[in-house]
Amino acid sequence: MKKNVHVTPKGENWQVKTANSSKAYRIVDTQKEAIQIAKNVAINNQSELLIHRQNGQIRAKDSYGNDTFPPKG
């Protein structure tokens, strides 16, 4: 089963976590750095990347797995 990868706030820092994981994969200073790390993890795992805002709300999603609705053209 492919686990989604999340970029979420952790205090003043940002963490990269996989779905249902109790521990962070990495904790870094900036959201930008966390997104780069999470993107690589999502590509390697062929999974979804979900980027959260400071308030926890999802602000962006990217799919790096088998997309059931690939773009046309």
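Residues numbered from 1 in each chain as written. Predicted model: local features only at pLDDT ≥ 70, side-chain atom pairs only at ≥ 80, totals over all residues. Heavy atoms only, no water.

A tally of helices and strands in the chain yields 1 helix and 5 strands. Reading the helices (α) and strands (β) of the chain from amino to carboxyl end gives β-β-β-α-β-β. Across the 73 residues in the chain, those meeting the buried criterion constitute 29%. Long-range contacts, defined as pairs at least 24 residues apart, comprise 32% of the intrachain contacts of the chain with a sequence gap of at least 6. Approximately 5300 Å² of the chain is accessible, and the part contributed by carbon and sulfur atoms is 46%. (Helix = DSSP H or I, 4+ residues; strand = E, 2+ residues; numbered from the N terminus. Buried < 20%, exposed > 50% of the residue type's maximum accessible area, 1.4 Å probe, protein only. Contact = heavy atoms within 4.5 Å. Areas by Shrake-Rupley, 256 points an atom, 1.4 Å probe, with all protein chains shown as cover.)

Pairing within the open sheet is mixed, and its 5 strands lie in the order β3-β2-β1-β4-β5. Only two strands of the sheet have a single neighbouring strand rather than two, namely β3 (26-28) and β5 (58-63). Each strand axis lies, on average, 20° off the axis of its neighbour in the sheet, ignoring direction. Note that strand β1 (residues 5-10) and strand β2 (residues 13-18) share 6 bridges and pair antiparallel. When the bridges of β2 are listed, Thr-8 appears paired with Gln-15. (Pairing = 2+ DSSP bridges. Axes fitted to C-alpha atoms, helices over the stretch in contact; angles between N-to-C directions.)

Attention now moves to the side chain of Gln-15. Mapped onto the elements, Gln-15 comes out in strand β2. Apart from the residues within four sequence positions on either side, Gln-15 is in contact with His-6, Val-7, Thr-8, Pro-9, Lys-10, Ala-24, Arg-26 and Ile-27.

Moving on, we come to unusual backbone geometry. In this model, Asn-20 sits at a positive phi of 65°, which is unusual for a non-glycine residue. With respect to the helices, strands and loops of the structure, Asn-20 is situated in the loop between β2 and β3. Backbone geometry at Gln-46 places phi at a positive 50°, although glycine is not the residue there. Relative to the helices and strands, Gln-46 is located in the loop between α1 (31-45) and β4 (48-52).

Grouped together as the largest cluster of nonpolar side chains are 13 residues, with contacts concentrated most on Val-5, Val-7, Val-16, Ala-34, Ala-38, Leu-49 and Ile-51. For this core, the secondary structure elements donating two or more residues are β1, β2, α1 and β4. (Core = buried A, V, L, I, M, F, W, Y, C linked by side-chain atoms within 4.5 Å.)

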